[in-house]
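Summary of the model geometry
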Amino acid sequence: MSEQKSWRPLIKQARRVVIKIGTRVLTDPRGKLDPKSFSRIAGQIAELWQGGRRVVVVSSGAIVTGRKKLGRDRAPLTIPEKQALAALGQPALMRSYEQAFRKYSLPVAQILLTHEDFSSRERYLYCRNTLGTLLRFGVLPVINENDTVAVDEIKFGDNDTLSALVAVLFEADLLVLLSDIEGLCEQDPSINPDAKVIPLVRDLSQEIYERAGPTRSGLGIGGMSTKIQAARTVAAAGIPTFIGNGKTPEMLLRLFEGKIQGTLFLPGARKLKHRKHWIAFVQKTRGEIIVDDGARHALVEGKKSLLPSGVLSVNGRFVPGDAVKVQDSSGRQVGVGLVRYSPSELERIKGKKTSEVQKILGDQYYQEVIHRDDLVLMEEIENPGKEG
Ligand code: GLU
């Protein structure tokens with residue numbers, strides 16, 4: 001099949017790989033860290049490493065391990081309890097990795113990140129440098145979210161999202177998401193257990209996203225929809241994603257030999273520039289600006305900046321420099337951009353022509369509410385492969 005020809009070299013030649021390992025891959029049916037699972041994963045990663053590939057692991061499992069240690073298996077947890085249990089479980093998680101990789105003389109290092117480490121340019125660069133240095137030292141980095149200090153504002157929320165941002169930061173050639181999910185199925189496997197897995201997805205359309213649904217397994221946070229969103233995030237940076245069941249023996253090794261036991265998502269031909277990717281996928285949006293049809297047309301067709309005259313209304317609490325959604329009057333999202341005004345200023349100048357804005361705000365005004373260079377349109381995010 002000609003389709004298969006084009007993806008094989010992409011995977012075979014992948015040198016830098018981010019592998020996210022979900023809680024259920026690492027635990028036994030009772031939810032305890034399972035040394036057999038660690039050694040199965042470690043054996044495969046060590047072989048990839050020996051073959052010259054460089055791997056960064058993103059691992060879940062801290063909270064579950066903390067729960068087990070305190071025997072709080074089932075009780076619902078408050079956020080402070082989860083944060084405490086993550087602190088308790090994380091060292092045990094790392095110890096399991098260390099033990100599993102000792103056999104291969106591969107030292108492991110721990111990196112704990114919050115979303116802030118990605119939104120601050122300085123910390124982003126430090127993180128990238130540290131990853132590079134660890135790999136140069138021959139050390140395998142194992143990353144988790146710093147759950148102990150992460151509250152909503154600075155949270156990734158799940159490790160699928162975290163691993164996608166790590167893959168972009170690391171400029172990976174491939175993102176691998178290992179969980180207890182076999183891949184993207186033709187139908188919801190909880191409804192039809194015989195549903196077939198789709199091996200290759202070339203178009204990460206909204207339809208695929210919606211088909212994935214918000215399924216959540218009891219132990220990990222991420223379901224299929226966070227995985228598809230992760231695949232979209234990295235596809236927009238030109239990186240493919242593989243999703244498969246991490247308990248399938250030798251699956252990783254087979255993948256690099258060209259056998260897909262799961263689903264491979266291919267990116268489009270073009271990718272977003274680094275800054276646009278950062279605006280669209282890393283920044284958390286803090287509000288919405290609703291624009292009229294004329295402005296929507298100017299943004300989408302004319303590739304223009306958003307001016308005060310096109311603004312109908314504003315929602316949310318943000319400061320200049322924050323990311324906001326741009327929506328049309330029917331509530332459809334047009335794009336995401338960095339706003340130059342506060343909500344109170346926008347209330348005063350919305351719908352006004354530039355000459356009037358100057359009168360209202362004096363000489364210290366910007367012509368644009370969102371400059372074209374700070375705006376990413378939905379069509380760029382959804383179809384990074386499309387010319388235009
Ligand atoms: N960071 C969490 C943990 O280590 C897991 C998050 C997730 O499963 O996505 O327990």
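Right above here is the structure, for reference.
First, a word on what this report is: a plain description of the structure on this page.

Cut-off values and rules
Numbering of residues starts from 1 in every chain and runs along the sequence as written. Note on the predicted model: pLDDT of at least 70 is required for a residue's local features to be given, and 80 or more for side-chain atom pairs to be given and counted; whole-chain, interface and lining totals, by contrast, use all residues. Remark: hydrogens and water are excluded; side-chain values derive from all non-hydrogen atoms of the structure. Working definition: helices are DSSP H or I runs of at least four residues, strands are E runs of at least two. Numbering for both runs from the N terminus. Distance and chemistry together define a polar contact, namely a pair of N or O atoms within 3.5 Å, with one atom able to donate a hydrogen and the other to accept it when in protein, and with adjacent residues in sequence counting only for side-chain atoms on both sides. What makes a nonpolar core is a set of buried Ala, Val, Leu, Ile, Met, Phe, Trp, Tyr and Cys residues whose side-chain atoms join them at distances within 4.5 Å. Burial here depends on accessible area, computed with a 1.4 Å probe over protein chains only, as a share of the maximum for the residue type. Under 20% is buried, over 50% is exposed, and the range in between is partly exposed. In what follows, residue pairs with any heavy atoms lying within 4.5 Å of each other are defined as contacts. Here, any two strands with at least 2 DSSP bridges between them count as paired. To obtain each axis, a line is fitted to C-alpha atoms, and for helices this fit is confined to the stretch in contact; angles are then taken between N-to-C directions over 0 to 180 degrees. Ring geometry is summarised as follows: Phe, Tyr and Trp rings, the Trp one being its six-membered ring, pair when their centres sit within 6.5 Å, and such pairs are stacked at plane angles under 30 degrees, edge-to-face over 60 and tilted between the two. Either the NZ atom of lysine or the CZ atom of arginine qualifies as a charge over a ring when it sits within 6 Å of the ring centre and within 35 degrees of the ring normal.

Another aspect to go through is the environment of Asp-158. Looking at the secondary structure, you find Asp-158 in the loop between strand S4 (140–145) and helix H8 (159–169). Within polar-contact distance, the side chain of Asp-158 engages the backbone nitrogen of Thr-161 at 2.8 Å.

Formed by 94 residues in total, the largest nonpolar core has its most connected members in Ile-19, Tyr-97, Phe-118 and Leu-140. Here Phe-118 is in contact with Leu-113, Tyr-124, Phe-156, Leu-162, Leu-165, Val-166, Leu-169, Trp-278 and Val-282, once residues within four sequence places are set aside. Membership of the second largest hydrophobic core comes to 22 residues, among which are Ala-295, Val-326, Leu-361 and Val-369.

Next up on the list: the sheet that holds strand S5 (residues 174–179). Reading across the sheet, the eight strands line up as S3-S4-S2-S1-S5-S7-S8-S6 and stay open at both edges, with mixed pairing between neighbours. Two strands bound the open sheet, and with one partner strand each, they are strand S3 (108–113) and strand S6 (200–201). Across five bridges, the pairing between S5 and strand S7 (residues 241–245) is parallel. Residue pairing in the sheet places Val-176 in a bridge with Phe-242 of S7. Packing of helix H3 (residues 35–50) onto the sheet brings it into contact with strand S1 (16–21), strand S2 (54–59), S4 and S5, and relative to S2 it is tilted by some 155°. The sheet contacts of helix H10 (residues 224–235) involve S1, S5, S7 and strand S8 (263–265), and relative to S5 the element is tilted by about 175°.

Below, the discussion takes up the packing of aromatic side chains. On inspection of all chains with the given rule, the structure shows three aromatic pairs. With a centroid separation of 4.9 Å and 80° between ring planes, the pair formed by Phe-38 and Tyr-97 is classed as edge-to-face. Of the two residues, Phe-38 is situated in helix H3 and Tyr-97 in helix H5 (residues 79–102); the sequence distance between them amounts to 59 residues. Classification of Tyr-97 as buried rests on a relative accessible area of 1%. Both rings, one in Phe-118 and one in Tyr-124, keep their centres 5.8 Å apart while their planes meet at 75°; by these two values the pair is edge-to-face. Taking relative accessible area as the criterion, Phe-118 reaches 1% and is therefore assigned buried. Here Tyr-124 falls in the buried class, since its relative accessible area comes to 3%. When the ring centre of Phe-170 is taken as origin, the NZ or CZ atom of Arg-16, which lies over that ring, is 4.2 Å away. The ring of Trp-49 has Arg-54 sitting right over it, with the charged end atom 4.3 Å from the ring centre.

The subject of this paragraph is unusual backbone geometry. Of note, Ser-105 is a non-glycine position whose phi angle comes to about 50°, a positive value. One can find Ser-105 in the loop between H5 and S3. Here the phi dihedral of Glu-171 falls at roughly 50°; this positive angle occurs in a residue that is not glycine.

The next subject is the environment of Tyr-365. Residue placement: Tyr-365 occurs in the loop between helix H15 (354–361) and strand S13 (375–377). With relative accessibility at 22%, the residue Tyr-365 sits in the partly exposed group. In sequence terms Tyr-365 and Tyr-341 are 24 residues apart; their C-alpha atoms lie 9.0 Å from each other. Excluding its chain neighbours within four sequence positions, the residues that come into contact with Tyr-365 are Tyr-341, Thr-354, Val-357 and Gln-358.

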